[in-house]
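Observations on the three-dimensional arrangement
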Protein chains: 4
Amino acid sequence: MKQATQKTVSVGSVVVGGPKFVVMAGPCSIESQEQLLQTAKHIQLHGASILRGGVWKLRTSASTFQGLGSEALSYAQKVIQQTGLPFVTEITDPRQVEVLAPVVSMFMVGARNMYNYALLKELGMQKKPVLLKRGFSALVDEWQKASEYVLQGGNENVIFCERGIRTFETSTRNTLDLNSVAVLKSRTHLPVIVDPSHAVGLSEFVPQMALASAAAGADGLILEVHPDPSKALSDGRQALSFTSFAETMAKLERLLTALDRPFVAGSSASGSVR
Amino acid sequence: MKQATQKTVSVGSVVVGGPKFVVMAGPCSIESQEQLLQTAKHIQLHGASILRGGVWKLRTSASTFQGLGSEALSYAQKVIQQTGLPFVTEITDPRQVEVLAPVVSMFMVGARNMYNYALLKELGMQKKPVLLKRGFSALVDEWQKASEYVLQGGNENVIFCERGIRTFETSTRNTLDLNSVAVLKSRTHLPVIVDPSHAVGLSEFVPQMALASAAAGADGLILEVHPDPSKALSDGRQALSFTSFAETMAKLERLLTALDRPFVAGSSASGSVR
Amino acid sequence: MKQATQKTVSVGSVVVGGPKFVVMAGPCSIESQEQLLQTAKHIQLHGASILRGGVWKLRTSASTFQGLGSEALSYAQKVIQQTGLPFVTEITDPRQVEVLAPVVSMFMVGARNMYNYALLKELGMQKKPVLLKRGFSALVDEWQKASEYVLQGGNENVIFCERGIRTFETSTRNTLDLNSVAVLKSRTHLPVIVDPSHAVGLSEFVPQMALASAAAGADGLILEVHPDPSKALSDGRQALSFTSFAETMAKLERLLTALDRPFVAGSSASGSVR
Amino acid sequence: MKQATQKTVSVGSVVVGGPKFVVMAGPCSIESQEQLLQTAKHIQLHGASILRGGVWKLRTSASTFQGLGSEALSYAQKVIQQTGLPFVTEITDPRQVEVLAPVVSMFMVGARNMYNYALLKELGMQKKPVLLKRGFSALVDEWQKASEYVLQGGNENVIFCERGIRTFETSTRNTLDLNSVAVLKSRTHLPVIVDPSHAVGLSEFVPQMALASAAAGADGLILEVHPDPSKALSDGRQALSFTSFAETMAKLERLLTALDRPFVAGSSASGSVR
């Protein structure tokens, strides 16, 4: 049930769900120390305040690139130290909690695992926040009920993430459902953010959908950014280039200002740059 | 194929698809002279520049209210004279062209008739523009191809209108697909507008989705407005009240300004009011 | 509402919805006198009792083959005379009633026109039966309500036809929804048949789905058959060859016998052949 | 890729995917020793050869009945001893393998976990067969690729189970997609069965869909049966009563005979009863 006051969730030092709009960004997969550091510095410079990056990747085919695993995790640790950015990555197995917990500021549950209640229950026993992506065919009602598997375990720090749903349409990867942001925010006090990268799947349309998400009332965004999208080991087709990311952030700031909503400043003194 | 320059479509004296953002508004069904006039004056005052209103209504059940028909048309004629607003209404049968043509500035093809190629061919032989709503389960590709039935007949004045698609989700009437606005604008030179009223179906969420549509790059909106939504003879659940419409238009103007896109001014000197 | 007794609908001399299972078959488009006659004789020999064939074709693109029109109609007239088979074809415009009525034994409303209520009302004023295909995204409830536009006009002879729905699945043209046959038969007294050709879209899978439709309780089938599917001007990918049609009919007879349901015999003495 | 010869999978002493059609049946949830034993004896008497029953239930809401857990497992053990029926139940967490392996003859992966690759990889390291249900919004292609997570681990004993997909239709719980049976059997050598209980969700329509599944070419069925469906603790609306199950099996036998496919005989001397 909707509570009188909006609940905020702290991801490291960053507050999500408060007056400030939060941008999380980074590569789909962590591919190298250099790639992650370069991306982290760029997104921080342009106003993002949380770093994302895939360690173990869930892929439809067992034969495609599955992420660098623990190697990626060590890269993440160094970049966190260098930039001070809180880090979020996907957890795909309840037995990964132990190895991820020391590094991440937030666990992400991907769309394929929204119904993985064993995993959700495990995360309900943790203290760190959970970014709960909507299953790509989940009803808003099921998505909200899935969050209860975390909440009932005692972990009240859930952030919802709309990431597009599966429909009959084939011209885009998924169908971004911004109605769900409005519906969910009317039903719950928890923050709701949007992932336009997966929802569209085509980088040329991501900036427009990022703006639309902010206008629809989302509390933030999670965006895929890559130093050279054409060479990305996974999901390169939807990753923003550095230039495109910077332009999107500039437009976003103007739009949010018109909506009376400021950005969360990054941990660097990036305010003057934007 | 996408042409180098955006094509504009003139609806009466109003240019759609140019630099200015256009709002069309009015009741789902025309219910009385008074209801239509009152609504027309209100929307005009707050910056809308085209009047909509249903004459013959397509309803799922043959036993529900089907519109006032020719009576509604005579009301529309008087309101057009009094306000100077161009008028758009739905055509549901090729044999209605004769009676509608003298009154409307644009024919609207509803979602149920997007595949009614006999109707589209008839409209291809007219001079007045056609507002082509997306079928609620139409691929963007089919929607674009449907427009060719009009264009090949010699009528080049087609405006596309995204109005939500049918998906598995049940918390809203349809799923607003803003991806389609981005995709279609990349493929065609014709204007694309959005109908958030049908796409969400719940008036409390329409303002957010109107803003999101503008941020996504649409060329305009078509909104349902009613003097007393709770007493509307059709679709009252999704109609904006006068107050809500005025507030939405004010927010929209701020947002569009941040996006460097002005409104089309209404035919009254409404600029100072908004 | 479901009536105590099942209603039968007579298509020419063939009774649909009674104890006997009825097969309608023929080419997607009528392409020549020879093609239609040859197909009609073949399907009749193997137990089909109603001939189908497209005169005007509804096609997604205005630039593809749209059917032979009145030429096809004259071919149909001759084949009807030679074989005695009742003929069903699609009507796509209310203004076609006049020219089709003297030739057809039943009007077919295609999936794209299930919501074309102007057309349905026109057919409600006719005496000949109407084969009402399900819109490819129509709820069973909407499909049933669409039939009321015909029934309320005074024409009680409606046969429903399930032809597959649009879903996220892409390995087949549509998703055959046999649940709908069970649901609709529990709600209405009117006959329900299935079109597995459009529902699957791949001829190699049509025979299995034809058998499944019969097992699900359908009152009949409508099948696309072509003398040389690889050369068909439309929908060749889903048409059964003569050999495949004959084999399917033989299997169907065995299956229906096990379900205590006989075929309608064709107008020729084909009983001994099957 | 499709192999020349169909692969059979042995579930205890029962061969699935061979000439004989296999029926698995039992309650959604194991509720008591008595309920399970009574059901097991009934299904065995009427020709089913594998027992199903839920131990831990995945439920949309964390607040509803979640299964009896280890208590249910001890009931299952006793019933297996008394009847000799192989037992299949759902696994929802990779850490359950240890406790389930001594009891089950086959692990079932439910629709919600088809994308739970951590679980699939764990099962790939087991010897016992895996019943892989289709995710309710999974493409046939993704379903087949999910099986590779098991196969690549060295466990070649996978049986696919179609259980209905999520579509826009609301008159039934899901949409049974029998096209998928035909498509999958053309692509893989592994057995494919159907769960009409979940696919329709309404017990009155399950018998028709069970017959349709057999006619479509499935290698078997999994059916929910309960001594008193109105009192079932989960999914009672879709469970067959004992009477309805017996009637369905009798009809199925006649239909399969017409298709030249026999039943697997139960482990009791049930042949004379059916």
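For the structure, check the block above.
About the cut-offs
- Residues numbered from 1 in each chain as written.
- Chains lettered and ligands numbered in written order.
- Predicted model: local features only at pLDDT ≥ 70, side-chain atom pairs only at ≥ 80, totals over all residues.
- Heavy atoms only, no water.
- Axes fitted to C-alpha atoms, helices over the stretch in contact; angles between N-to-C directions.
- Helix = DSSP H or I, 4+ residues; strand = E, 2+ residues; numbered from the N terminus.
- Parallel < 35°, antiparallel > 145°, perpendicular 65-115°, else oblique.
- Left-handed = near helix turned anticlockwise from the far one by under 90°.
- Contact = heavy atoms within 4.5 Å.
- Nonpolar A, V, L, I, M, F, W, Y, C, P; charged D, E, K, R; others polar.
- Pairing = 2+ DSSP bridges.
- Expected span 1.5 Å × (residues − 1).
- Buried < 20%, exposed > 50% of the residue type's maximum accessible area, 1.4 Å probe, protein only.
- Least-squares fit on C-alpha atoms with pLDDT ≥ 70 in both.
- Salt bridge = Lys/Arg side-chain N within 4 Å of Asp/Glu carboxyl O.
- Polar contact = N/O pair within 3.5 Å; in protein donor to acceptor, adjacent residues only side chain to side chain.

A word on the packing of helix 5 (residues 140–151) of chain A against helix 6 (residues 179–187) of chain A
Residue and element names in this part refer to chain A. One way to put it is that helix 5 packs onto helix 6 with a least axis distance of 11 Å and a crossing angle of 45°. Our classification of the angle between helix 5 and helix 6 gives oblique. Helix 5 and helix 6 meet at a crossing whose hand is right-handed. Where helix 5 abuts helix 6, its residues Val140, Asp141, Trp143 and Gln144 lie against Ser180, Val183, Leu184 and Arg187. Considered class by class, the residues forming the contact of helix 5 with helix 6 number four nonpolar, two polar and two charged.

Topic: the sheet that holds strand 9 (residues 192–194) of chain B
All names here are of chain B. With parallel pairing, the eight strands of this closed barrel are ordered in space as 3-4-5-6-7-8-9-10. For this sheet, the mean inter-axis angle between neighbouring strands, taken without regard to orientation, is 25°. With three bridges connecting them, strand 6 (residues 106–109) and strand 7 (residues 130–133) associate as parallel partners. Bridged to Phe107 within strand 7 is Val130. Packing against the sheet, helix 5 (residues 140–151) makes contact with strand 7 and strand 8 (158–162), and its axis sits at approximately 155° to strand 8. Sitting on the sheet, helix 9 (residues 242–258) is in contact with strand 3 (22–26) and strand 10 (220–224), with an inclination near 175° to strand 3.

A few points about helix 9 (residues 242–258) of chain C
Taking 1.5 Å of rise per residue, 17 residues should cover 24 Å, and helix 9 of chain C covers 25 Å from first to last C-alpha, within 8% of that figure. Listing the buried residues of helix 9 of chain C in full gives Phe242, Ser244, Phe245, Ala246, Thr248, Met249, Leu252, Leu255, Leu256 and Ala258 of chain C. Here the buried face of helix 9 of chain C lies against strand 3 (22–26), helix 1 (33–45), helix 8 (206–215) and strand 10 (220–224) of chain C together with helix 8 (206–215) and helix 9 (242–258) of chain D. Just beyond helix 9 of chain C, the residue with positive phi is Asp260 of chain C, at close to 60°.

Quick look at the relation of the copies chain B and chain A
To go from the first copy of the chain to the second, apply a rotation about an axis and then a shift along the same axis. It takes a turn of 180° to lay chain B on chain A, together with a shift of 0.0 Å along the axis; the resulting RMSD is 0.0 Å. The symmetry that links the two subunits is that of a two-fold axis. Taking the C-alpha atom as reference, chain B places Ala212 of chain B closest to the rotation axis, 2.1 Å from it. Same-surface contact between copies: 100% of interface residues of chain B are shared with the interface of chain A.

Here's the deal with the interface of chain B and chain A
Each partner contributes to the interface: chain B provides 40 residues, whereas chain A provides 40 residues. Where chain B meets chain A, there are four salt bridges. Between Arg254 of chain A and Asp260 of chain B there is a salt bridge, and its shortest N-O distance comes to 3.1 Å. For the pair chain B and chain A, the interface holds 18 residue pairs in polar contact (both at pLDDT 80 or more).

Focus on the relation of the copies chain B and chain C
Expressed as a screw operation, the relation of chain B to chain C combines 0.0 Å of axial shift with a rotation of 180°, fitting to an RMSD of 0.0 Å. Here 100% of the interface residues in chain B have copies in chain C that are interface residues too; the copies meet face to matching face.

Observations regarding the interface of chain B and chain C
At the interface, 30 residues of chain B touch 30 residues of chain C. The interface formed by chain B and chain C contains four salt bridges. A salt bridge links Glu122 of chain B to Arg95 of chain C, with the nearest nitrogen and oxygen atoms 3.0 Å apart. At the junction of chain B with chain C, the criterion picks out seven residue pairs in polar contact (both at pLDDT 80 or more). Put simply, the parts of the chain that give the side of chain B that touches chain C at least two residues each are helix 4 (117–124) and helix 5 of chain B. Per-element accounting of the side of chain B that touches chain C gives the leading share, five residues, to helix 5 of chain B. In terms of residue class, the side of chain B that touches chain C is built from 11 nonpolar, nine polar and 10 charged.

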